[in-house]
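Understanding the architecture of this molecule
As a plain string of letters, each chain reads:
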Amino acid sequence: MTRGYENTTDRYLARLRRIEGQVRGLQRMVSEGDYCIDILTQMSAVQSALDSVAIGLLEDHMNHCVVKAAKESDEAGREKIEEATKAIARLIKS
């Protein structure tokens, strides 16, 4: 089974590694007692980066998995759309 992000896996992994580095930076900032607003600013940057990855994965999912399912049958397409809608709802809540 292929995934919608198969062609962009390396890009996502590189982005996630950068985010991991940002989170380590946040840990360092907290342990060193940096200014609260500076830490919150960096947290906002991490959240924005995670949101960007999530949107990219969602777009890949829609363009690959949902389109493929819709071509198979209306029911399969509706199931994938429902699945994507639930994923979007979870992203909005966080």
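Placed above this text is the structure.
Please read all numbers here as calculations on a predicted model, not as lab measurements.

**Comments concerning the overall build of the protein chain**
- Secondary structure summary: the protein chain contains 3 helices and 0 strands in total.
- Along the chain direction, N to C, the helices and strands of the protein chain fall in the order α-α-α.
- Radius of gyration (C-alpha) of the protein chain: 17 Å, far over the 12 Å computed for a compact globule of 94 residues.
- Seen through its principal axes, the protein chain has C-alpha atoms that stretch 55 × 30 × 15 Å.
- Going through the 94 residues of the protein chain one by one, you find that 22% of them count as buried.
- The contacts in the protein chain between residues at least 6 apart in sequence include a share of 52% that link residues at least 24 apart.
- Carbon and sulfur atoms make up 56% of the accessible area of the protein chain, which totals about 7,100 Å².
- Each charge sign in the protein chain was given a centre, from 14 positive and 15 negative side chains, and these centres are 1 Å apart.

**What about the nonpolar core?**
- Residues Tyr12, Ile19, Leu26, Met29, Ile39, Val46, Ala49 and Val53 constitute the largest nonpolar core, which totals 8 residues.
- At the level of elements, α1 (9-31) and α2 (36-72) are the ones that each hand at least two residues to this core.
- Setting aside residues no more than four positions away along its own chain, Ala49 makes contact with Arg15, Ile19 and Gln22.

**Considerations on the packing of α1 against α2**
- Two numbers describe how α1 lies on α2: the axes approach to 10 Å, and their chain directions differ by 160°. By the angle between their directions, the pair α1 and α2 is classed as roughly antiparallel. The chirality of how α1 crosses α2 is left-handed.
- Taken together, the residues of the contact of α1 with α2 sort by class into 15 nonpolar, 4 polar and 3 charged.

**Here's the deal with the pattern of salt bridges**
- The full count for this structure, using the stated rule, is 5 salt bridges.
- When the shortest N-O distance is used, the salt bridge between Arg78 and Glu75 registers 3.5 Å. Of this pair, Arg78 and Glu75 are both found in helix α3 (residues 74-93), 3 residues apart, which corresponds to roughly one turn of the helix.
- For Lys86, the salt bridge identified is with Glu82, shortest N-O distance 3.2 Å. On the criterion of helical spacing, the pair formed by Lys86 and Glu82 is a turn pair, its members being 4 residues apart in helix α3.
- When its relative accessible area of 47% is taken as the criterion, Lys86 is described as partly exposed.

The rules behind each value
- Residues numbered from 1 in each chain as written.
- Predicted model: local features only at pLDDT ≥ 70, side-chain atom pairs only at ≥ 80, totals over all residues.
- Heavy atoms only, no water.
- Helix = DSSP H or I, 4+ residues; strand = E, 2+ residues; numbered from the N terminus.
- Rg over C-alpha atoms; globule rule 2.2 N^0.38 Å.
- Buried < 20%, exposed > 50% of the residue type's maximum accessible area, 1.4 Å probe, protein only.
- Contact = heavy atoms within 4.5 Å.
- Areas by Shrake-Rupley, 256 points an atom, 1.4 Å probe, with all protein chains shown as cover.
- Lys, Arg positive; Asp, Glu negative; His and termini not counted.
- Charge placed at Lys NZ, Arg CZ, Asp CG, Glu CD.
- Core = buried A, V, L, I, M, F, W, Y, C linked by side-chain atoms within 4.5 Å.
- Axes fitted to C-alpha atoms, helices over the stretch in contact; angles between N-to-C directions.
- Parallel < 35°, antiparallel > 145°, perpendicular 65-115°, else oblique.
- Left-handed = near helix turned anticlockwise from the far one by under 90°.
- Nonpolar A, V, L, I, M, F, W, Y, C, P; charged D, E, K, R; others polar.
- Salt bridge = Lys/Arg side-chain N within 4 Å of Asp/Glu carboxyl O.

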